[in-house]
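As a plain string of letters, each chain reads:
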Amino acid sequence: MKFTLGWLKEHLETDAPLEKILDRLTMVGLEVEQVTDRAKGLETFVTAKVIEARPHPDADRLRVCRVFNGSEEIELVCGAPNARTDMIGVFAASGAYIPGTGITLKPTEIRGITSNGMLLSEREMNLSDDHDGIVDLPEDTPIGVPAVGIMGLDDPIIEIAITPNRGDCLGVRGIARDLAAAGLGRLKSITTEPVPGAYESPIGVTLDFPEDMRGACPYFAGRHFRGITNGESPKWLKDKLLAIGLRPISALVDITNLMTFDLGRPLHVFDATKLAGGLTLRPGAAGDTFLALNDREYEADGEMTVIADSNGADALGGVIGGTRTGCDESTTEVFLESAYFDPVRTAATGRRLNLMTDARYRFERGVDPAFLIDGIEIATRLIMDICGGEPSVPVMSGREPTWQRTIPFDPNRVASLGGVSIAGEEIVRILGTLGFAVTEAAAGRLDVSVPSWRGDVVGEACLVEEVIRIHGYDKIAVVVPPRDHALPEPALDAVKRRRSVARRTLAARGLIEAVTYSFMPSPDAEHFGGVSPAMRLINPISSDLDVMRPSILPNLIRAAGRNADRGQSDARLFEVGPQYAGDTPDDQSMVAAGIRVGANHDRHWAAAPRAHDVFDAKADAVAVLAALGVATDRLQTVAEAPAWYHPGRSGVLRQGPKNIIAAFGEINPRVLQAMDIAGPVAAFEVFVDALPAPKAKRGAARPYLTLEALHPVNRDFAFIVDAGVAAETLLAAARNSDKAMIAAANLFDLYEGENLGAGKKSLAINVVIQPADKTLTDAEIDAIADKVVAGVAKATGGSLRG
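This one's a predicted model, so the numbers in the text were calculated from it and none came from an experiment. Each residue is numbered by its place in its chain's sequence as written, counting from 1. Totals for whole chains, interfaces and linings use all residues, but because this is a predicted model, local features are given only for residues with pLDDT of at least 70 and pairs of side-chain atoms are given and counted only at 80 or more. Only heavy atoms go into the side-chain values, all of them from the structure, while hydrogens and water stay out.

All right, on to the overall build of the protein then. Helix numbering and strand numbering both begin at the N terminus, where a helix is a DSSP run of H or I of at least 4 residues and a strand a DSSP run of E of at least 2. Each helix and strand in the protein was counted, giving 19 helices and 44 strands. Here the globule rule is a power law, 2.2 Å times the number of residues to the power 0.38, and the radius of gyration is based on C-alpha atoms. Since a compact globule built from 802 residues should have a radius of gyration of about 28 Å, the 40 Å found for the protein marks it as more spread out than a globular shape. Dimensions of the protein along its principal axes, counting C-alpha atoms only, are 120 × 80 × 65 Å. Counting only residues that meet the buried cut, the protein has 46% of its 802 residues in that class. Working rule for contacts: check all heavy atoms of both residues, and any pair within 4.5 Å makes them a contact. Long-range contacts, defined as pairs at least 24 residues apart, comprise 69% of the intrachain contacts of the protein with a sequence gap of at least 6. Surface accessibility of the protein: about 40,500 Å² in total, with carbon and sulfur atoms responsible for 51%. None of His or the chain ends enter the tally, which takes Lys and Arg as positive and Asp and Glu as negative. The atoms used to mark charge sites are NZ of Lys, CZ of Arg, CG of Asp and CD of Glu. When the 83 basic and 108 acidic side-chain charges of the protein are each reduced to a single mean position, those positions are 7 Å apart. Exposure is judged per residue with a 1.4 Å probe applied to protein chains only, and the accessible area is read against the type maximum: over 50% gives exposed, under 20% gives buried, and values in between give partly exposed. Surface accessibility follows the Shrake-Rupley procedure with a 1.4 Å probe radius. Residue values consider only the protein chains on display as shielding.

Structure below.
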């Protein structure tokens, strides 16, 4: 929202300096984003009169001008076509810096005549792109005074950010009201006295909506004018619009724009001679297409509000008008519209058409439903003052929507809820200046009636917020919470720190972190367990992101697919975040998930690049669990992965018989085919919330480091087992055969061949024997080896391979 300081003071009687106004705007919640001083760099330019402008003797397009700047006459050469004798322009003397061209003036000889200054155009003053001629000021302009004051450039432009709930501050008057309540002045009154109508309007208005759409436009006011002249707007009006970045079009259109930004009351004008019959407001229908004022054609549907005459639709209510009935310099009769349009329907219409206008921006945030008639009367005076003519009796249709509400208010809630004590008289003053009607009720309570322009105030907490923000958030005392301990404690507990540990671990393994939406398309969700009806979004941010994600993997797979479409076939992505099984807090779980797509390019002297597989996914999952303090050598690996994993190349990691803490494997080819993603894709999910709570540290001391003095002994074994025996079962049996002496057992080979027999396979393992206090003899090593063979035979039924 942009406005000038002078514009603000038309509504606010104040002598506060600019700096104080800017500070107070931010403190009441209207954050100042930018202040533009248009006079900066133009201070040295003065008004000057051209005493004489004669043709240059040696150049057809140049003139030699004798200029009086209020103190002396100066001769210069000017190339502007509008330079003439007795005109008043803006003069820059030698030595002045010209912001529009970036040059510093100095006496210059042009075709034999020395030029000692310059008469400036708007482009040279950096005001616009207009360079067709020099600035031409009115004849009564004083000579030799700073040009910025004469041109109104000494009025700074203020730009503030408006939160979506403050539609009342999308007009300068609403901003002035907040500042008046904050003690920076007095809100001036405005004249809304009715202007008598000279005749009955020849144009009527009909609201034609079905019962379920009566709220689309419940109230409409209009007025017909005749005998008007739609010429150029006066300078004061054009200056206001130009200051906030609007292009003046014509007097009638400029008046509606002024009402929009000055009072937050969007209006629209129809050329009455171009209307066929009366106006009808109704839902859009088939064939309702029209050319809008932005020169684009739109088609309305049954969810939109159109304004039509006998020739069809010509405007979208609350959004934009049409060119067919637009006003131009030939307009002599006009019909002025002031209506209230449903905020939700207006926003949906603009979103569906990808169309943002100043009217839509205000209607979707809520305009004052009680200001329709007042808006008509104020605009009537402006039209009559600028365009002449005479108005008809106003036309009304529908009725004012119900906005009245009274909120019981306990003034003590300001201290209990807001944290600051404010006197009751000050509370009443603040609310009264903001437009609330305050009356005393029983037991020291108040009844507060909400004004029509504050649709966002719905309860007692809203009133507390209003009082606190006007009183000043900076006046809330700083309260230091009590400490349970003298020393500070970490902000995150051990459970929450697991997330950052998982991130660092996966990043260290070469995966790149992704942050995806917590939403996804429902077809993708169906491939990964599906969602309950409670997880479907009523108002999704995008039509395809319509459910909460039951798994992180689909979003990562989609991201990898988008990379592949752009020529990046390899992807290593992970995300640590929530996934959802239902709509209760217990249904949300924290998961560290990742995928690997493409070739594994790890360098090795004997290995060519290979596709990522189930073992890569398992290694990632195990690495995360190890970093989170899980004893990974005690985990059980079971082929019970969910259906979105490859049934023969996947598994889960369990702690105990039921607690599944991770799943890993290659994604099911059928799922990838349905998602149109090229595979294979290796993926894993670590269910962080399923891990047992970390044990509290007993102290700061580190565990005792044991360094073995004796060399370990390695022995290799190859066992023939049934094809269905898991390698993890065999390894666990080997490790447990002598826990005191066996430090590790690892699988290094798998062989399946006809010579082993049907349904058999060979698993080769390496067993690390670690002596503790003496070097082992061959007999002792053989005894340990026998224990390994016996343990494996007992656990798996396997035997040594001959």
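Alright, that's what it looks like, and here's the rest.
What follows covers the sheet that holds strand E7 (residues 88-93). Read across the open sheet, the 5 strands follow the order E6-E5-E4-E7-E12; overall the sheet is antiparallel. Pairing within the sheet leaves two strands with one partner each, and these edge strands are strand E6 (73-78) and strand E12 (117-119). Across this sheet, the average inter-strand angle for adjacent strands is 45°, counted without regard to direction. Paired strands are those between which DSSP finds at least two bridges. In this sheet, strand E5 (residues 63-68) lies alongside strand E4 (residues 46-55) in antiparallel orientation, the contact comprising 6 bridges. The partner of Ala53 across the bridge, within E5, is Cys65. For helices, the axis comes from a line fit to the C-alpha atoms of the stretch in contact; other axes are also lines fit to C-alpha atoms, and the angle between any two N-to-C directions lies between 0 and 180 degrees.

Here the focus is the sheet that holds strand E27 (residues 406-409). The antiparallel open sheet is built from 3 strands, whose spatial order is E27-E29-E28. Of all the strands in the sheet, the pair left with one neighbour each is E27 and strand E28 (437-440). Taking the axes of each pair of neighbouring strands and ignoring which way they run, one obtains an average angle of 25° across the sheet. Alignment of E28 against strand E29 (residues 446-449), held across 4 bridges, turns out to be antiparallel. Note on E29: the bridge partner recorded for Glu440 is Leu446. With respect to the sheet, helix H12 (residues 460-471) is in contact with E27 and E29, its orientation differing from that of E27 by roughly 75°.

Moving on, we come to the packing of helix H6 (residues 251-263) against helix H9 (residues 372-387). Running from N to C, H6 and H9 cross one another at 140°; their axes reach a closest spacing of 10 Å. Comparing their axes, H9 and H6 come out oblique. As H6 packs across H9, the resulting crossing turns out to be right-handed. From H6, Ala251, Leu252, Ile255, Leu258, Met259 and Leu263 reach across to H9, where they touch Gly375, Ile378, Ala379, Leu382, Ile383, Ile386 and Cys387. Here the angle decides the label: under 35 degrees means roughly parallel, over 145 means roughly antiparallel, 65 to 115 means roughly perpendicular, and every other value means oblique. Crossing chirality is assigned from the near helix's rotation relative to the far helix, an anticlockwise turn below a right angle marking it left-handed and a clockwise turn marking it right-handed.

Let's shift gears to the packing of aromatic side chains. Under the pairing criterion, centres of Phe, Tyr and Trp rings, with the six-membered ring standing for Trp, must be within 6.5 Å; the plane angle then separates stacked pairs below 30 degrees from edge-to-face pairs above 60, leaving the rest tilted. Following the criterion strictly, the structure yields 5 aromatic pairs and no others. Summarising the aromatic geometry, the rings of Tyr517 and Phe519 are spaced 6.2 Å apart at their centres and angled 25° between planes, so their arrangement reads as stacked. With centroids separated by 6.0 Å and ring planes inclined at 15°, the aromatic side chains of Phe717 and Phe719 adopt a geometry described as stacked. Across the pair, exposure class does not vary: Phe717 and Phe719 are buried alike. Ring-over charges, as used throughout, are those where CZ of Arg or NZ of Lys falls within 6 Å of the ring centre and within 35 degrees of the ring normal. When the ring centre of Tyr199 is taken as reference, the NZ or CZ atom of Arg226 above it lies at 3.7 Å. Above the face of the Phe261 ring, Arg362 is positioned so that its terminal group lies 4.5 Å from the ring centre.

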